[in-house]
Amino acid sequence: MGKVIAVFFSATGNTQKSVMAMAQGAAEALGGDTPLDVEAVDVTCEAAPAPRTFEPDDMVVFGMPVYAGRLPLAVKDRIAAFKGQNTRCLAAVSYGNRHYEDALLELADMAAAQGFMVKGGAALIGRHTYGSIQTERPDAADLQQSRTFASMAVLRASFPSIPGNRPYRDGMMRGSFHPLTSDACVQCGLCARRCPVKAIGPDFRTVSDDCISCFRCIRTCPKGAKNMDVPAYNNFAAMFTEKLKVRRENEFF
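Caption draft 1: How the structure looks around unusual backbone geometry. Cis geometry is adopted by the peptide bond preceding Pro138, which originates at Arg137 and carries an omega value of 5°. Looking at the element boundaries, Pro138 is found in the loop between β7 (116–125) and α4 (140–153). In this model, Arg166 is joined to Pro167 through a cis peptide bond whose omega is 0°. Mapped onto the secondary structure, Pro167 falls in the loop between α4 and β8 (180–181).

Given below as structure tokens:
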């Protein structure tokens, strides 16, 4: 048996947690009494990952976020760096309790086009970027569901029917809200170094239109200087929080 590899884009950690749980489930199922090791490949800040071809007996779990029902434009070149040789894979998307629409199908199609055999798909709930929506998810129960699903999916001979539409719906290619910076900023540069699309300028305040509104900088700023504290965002976030307050469950295919 080959390796189990988790490949993920995870700006705020939701997708990474879910995908690593799936990879662990796959490793346990495939390894039997001796679970296989799991390799984590984080492409969040890798605009051009080193090209890599996986072996036929490897198992790859791809995990990507959903932005407005589609994969973010930033992930496409990253996925294209990875090739399969009829390599088995699972496709997983993480979304913030609204809907994943065509994103899971899009990821499965991209994996298949790169030479992977898609053995299963998952649409998984995580904290929404905006507002206060499912703030504790994925929780322990979510992660156990993901782990159990992967352990079963990798052993099945059948191939899943992934929901979605072709052509895919129009998606949000750029972010609607660009984070602001308060006077608490000490210019440590962490935000710029960790921005997935290098949208933060050398002054650590300027944000270009490449911003995808992932809010990674807001969630990780050690001084709390990055923020979205303006009426336009606050009003939208309050509306969105109320609209999406009903818990959705994970879906597995």
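Caption draft 2: Main features of the pattern of salt bridges. A complete count under the given rule lists 14 salt bridges for this structure. Glu101 is the partner of Arg169 in a salt bridge, and the nearest nitrogen-oxygen pair spans 2.8 Å. Here the residue Arg169 occupies a position in the loop between α4 and β8, and Glu101 occupies one in the loop between β6 (87–95) and α3 (103–113), the gap between them amounting to 68 residues. Residue Arg169 is classed as partly exposed on the basis of its relative accessible area, which comes to 33%. With its nearest N and O atoms 2.8 Å apart, the salt bridge here joins Glu242 to Lys245. Three or more residues are tied together by salt bridges with common partners; here these are Arg137, Asp139, Asp142, Arg247 and Glu249.

Scoring rules and cut-offs
- Residues numbered from 1 in each chain as written.
- Predicted model: local features only at pLDDT ≥ 70, side-chain atom pairs only at ≥ 80, totals over all residues.
- Heavy atoms only, no water.
- Helix = DSSP H or I, 4+ residues; strand = E, 2+ residues; numbered from the N terminus.
- Salt bridge = Lys/Arg side-chain N within 4 Å of Asp/Glu carboxyl O.
- Buried < 20%, exposed > 50% of the residue type's maximum accessible area, 1.4 Å probe, protein only.

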